[in-house]
Structures are given as structure tokens and as C-alpha cells.
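Structure at a glance
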Amino acid sequence: SLTYGANASDPLKTSYRGLMSKYLTEKYPKARFTFHDAAIGGTGSDLGLFRLERDVMSKKPDIVFLDFTVNDGYDQKDVEALINYETLMRRIISSGAPLEQLYFAFKWQFGKDYKPDEVYRRTDHMKLSAAYHTAQGDLYPLMQEMITSGKKKIEDLWPFDGAHPDDVGYGIFFEAAKTGYE
């Protein structure tokens with residue numbers, strides 16, 4: 001749902017992926033892009049394994065952005081979800097497509113309750129990134145800095161529900177993805 005852009009005013013334009021599409025199109029004006037959204041909200045890497053070939057690899061992607069940090073249980077330590085995620089990574093990397101791992105989050109993971117060391121799934125995904133040398137778009141430090149510095153109020157970033165930000169929040173998600181890309 002975060003990749004889809006739930007609660008964005010226009011998911012094709014104002015979600016992180018919409019903003020990333022615009023950014024890439026402007027950065028590479030001579031390139032011809034086709035963007036594919038393979039997101040299904042509320043699903044984890046277990047379903048992703050069954051969908052990867054049909055919904056992603058069949059499109060012959062030039063780059064893949066992958067995020068299952070929250071839907072694989074951000075505060076969980078189960079090995080099965082981690083194995084599923086690593087299998088996705090291996091399949092994408094073996095195709096030759098660059099992979100950027102994204103670490104997105106919910107509202108209640110920031111502010112006074114910020115404890116990134118307790119986001120075990122993020123830590124595990126970061127270890128896999130180091131092992132496979134992938135790019136990382138990490139929302140956690142960027143979002144926390146925005147909130148603690150007073151640049152943004154947490155209530156303004158997630159005005160509708162605690163899981164899905166609005167356009168301003170997705171702008172910060174995009175900044176994390178862009179930083180990882182660059």
C-alpha cells in the first residue's frame with residue numbers, strides 16, 4: 001500500500017513512486033521510460049515470490065525498487081520472511097537488474113518512540129544489502145530528522161491513518177528512495 005501510494009491525492013503522481021517516475025524522466029530526458037507498479041497492499045515477500053516472474057521480471061526491468069520492511073513484520077525476527085525476501089533479491093540481481101531496497105515505515109515508528117534498533121526487519125534487510133551490494137533508500141533517519149528538527153509535524157505527514165502518509169509524507173519517502181538511487 002505504501003508503494004501503491006494509499007492516501008496520496010494522485011498515486012500516479014504524488015506517491016513516492018509517482019515522484020520517482022517524474023524525477024527519472026526529468027533527469028534522463030532522452031530516455032524512454034515505462035513504469036510498472038507491481039504493488040499489492042498488505043502483502044509480504046511470501047506472495048511476492050509467486051508474483052515476481054509474472055508481475056516484475058516479465059517486464060524486463062532496468063531497475064527494481066523493493067520494499068517489504070513493514071509487511072514482512074518490521075518488528076519480527078522470523079527467518080521464513082527473511083528467506084523469502086533474500087530469494088526475491090537473488091532472483092532480481094541474477095537477472096542483471098539493479099536493485100534498490102527501500103525501508104519504509106509507519107507513523108508510530110517515529111518521534112519519541114523512535115527505536116530503529118528494534119526494527120529488526122530493517123536491520124536484516126540492511127545486512128542483506130551489504131552482502132549483495134545493493135542500493136538502499138532508508139526512510140528512518142530522514143523522517144526522524146524531519147520530525148525532531150521541527151521541519152515537519154508527524155500529524156501533518158500522516159493525517160488520515162498511521163500507516164499511510166499524505167502527499168507531503170510521500171515526498172519524504174521519495175527523498176529516501178532518491179538518495180538511495182543516487
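Reading the values: the criteria
Residues numbered from 1 in each chain as written. Predicted model: local features only at pLDDT ≥ 70, side-chain atom pairs only at ≥ 80, totals over all residues. Heavy atoms only, no water. Helix = DSSP H or I, 4+ residues; strand = E, 2+ residues; numbered from the N terminus. Rg over C-alpha atoms; globule rule 2.2 N^0.38 Å. Buried < 20%, exposed > 50% of the residue type's maximum accessible area, 1.4 Å probe, protein only. Phe/Tyr/Trp six-rings, centres within 6.5 Å; stacked < 30°, edge-to-face > 60°. Lys NZ or Arg CZ within 6 Å of the ring centre and 35° of its normal. Polar contact = N/O pair within 3.5 Å; in protein donor to acceptor, adjacent residues only side chain to side chain. Contact = heavy atoms within 4.5 Å. 1 Å grid on protein atoms, 1.4 Å probe; cavity = no way out; pocket = protein on both sides within 12 Å on 5 of 7 lines; lining within 4 Å. Points joined across faces, edges and corners; volume = space filled by probe spheres on them. Nonpolar A, V, L, I, M, F, W, Y, C, P; charged D, E, K, R; others polar. Pairing = 2+ DSSP bridges. Axes fitted to C-alpha atoms, helices over the stretch in contact; angles between N-to-C directions. Parallel < 35°, antiparallel > 145°, perpendicular 65-115°, else oblique. Left-handed = near helix turned anticlockwise from the far one by under 90°.

1. Points about the overall build of the protein
Each helix and strand counted, the protein has eight helices and three strands in total. A compact globule built from 182 residues would reach a C-alpha radius of gyration of about 16 Å, and the protein, at 16 Å, matches this within 12%. Counting only C-alpha atoms and orienting by the principal axes, one finds that the protein spans roughly 40 × 40 × 25 Å. Here the protein holds 182 residues, and the buried ones make up 47% of them.

2. Here's the deal with the packing of aromatic side chains
The full count for this structure, using the stated rule, is twelve aromatic pairs. Ring geometry for Tyr74 against Phe106: centres 6.3 Å apart, planes inclined by 85°, an arrangement best described as edge-to-face. Note that Tyr74 is positioned in the loop between β1 (64–66) and α4 (79–94) and Phe106 in the loop between β2 (99–103) and α5 (120–132), a separation of 32 residues in sequence. Like Tyr74, the residue Phe106 is buried in the burial classification. Three or more aromatic residues link up through ring pairs in this structure, and these residues are Tyr16, Phe104, Phe110, Tyr114, Tyr140, Trp158, Tyr170 and Phe173. Lying over the aromatic face of Tyr120, Lys77 brings its terminal NZ or CZ to 4.4 Å of the ring centre.

3. Points about the side chain of Thr14
By the secondary structure assignment, Thr14 is in helix α1 (residues 11–14). Engagement of the side chain of Thr14 in a polar contact is seen with the backbone nitrogen of Ser9, the distance being 3.4 Å. Separated by 2.9 Å, the side chains of Thr14 and Asp167 make a polar contact. Excluding anything up to four places from it in sequence, Thr14 contacts Ala8, Ser9, Leu19, Asp167 and Tyr170.

4. As for the layout of surface pockets
Considering only enclosed or pocket space, the largest pocket measures out at about 1,100 Å³ in volume. Around the largest pocket, the lining is made up of 43 residues, and of these His36, Asp37, Ala38, Val64 and Phe65 lie nearest the centre. Elements supplying a minimum of two residues to the lining of the largest pocket: α2 (16–27), α3 (45–56), β1 and α4. Residue classes in the lining of the largest pocket are distributed as 24 nonpolar, ten polar and nine charged.

5. Some thoughts on the sheet that holds strand β3 (residues 135–138)
In space, the three strands of this open sheet follow the order β1-β2-β3, with parallel pairing throughout. The sheet is open, and its two edges are formed by β1 and β3, each paired on a single side. Taken pair by pair, the neighbouring strands of this sheet meet at an average axis angle of 25°, ignoring direction. Here β1 runs beside β2; their pairing, made up of three bridges, is parallel. Directly across from Leu66, in β2, lies its bridge partner Gln101. The strands touched by helix α8 (residues 167–181) within the sheet are β1, β2 and β3, with β3 carrying the most contacts at an inclination of about 160°.

6. Let's talk about the packing of helix α6 (residues 139–148) against α8
Close contact between α6 and α8 brings their axes to 9 Å; oriented N to C, the two are set at 135°. The orientation of α6 relative to α8 falls into the category oblique. Here the hand of the crossing between α6 and α8 comes out right-handed. Each of Leu139, Leu142, Met143 and Met146 in α6 lies in contact with α8, whose residues at this interface are Gly169, Ile172, Phe173, Glu175 and Ala176. Looking at the contact of α6 with α8 residue by residue, the classes come out as seven nonpolar, one polar and one charged.

7. Considering unusual backbone geometry
Phi at Lys60 takes a positive value of approximately 55°, unusual for a residue other than glycine. Relative accessible area serves as the criterion here: at 67%, Lys60 is assigned to the exposed category. The backbone of His133 sits at a positive phi, close to 60°, despite the residue not being glycine. Tracing the backbone through its elements, the reader meets His133 in the loop between α5 and β3. Since its relative accessible area comes to 70%, His133 is described here as exposed.

Note that every value here comes from positions in space, so none of it alone points to a role or purpose.
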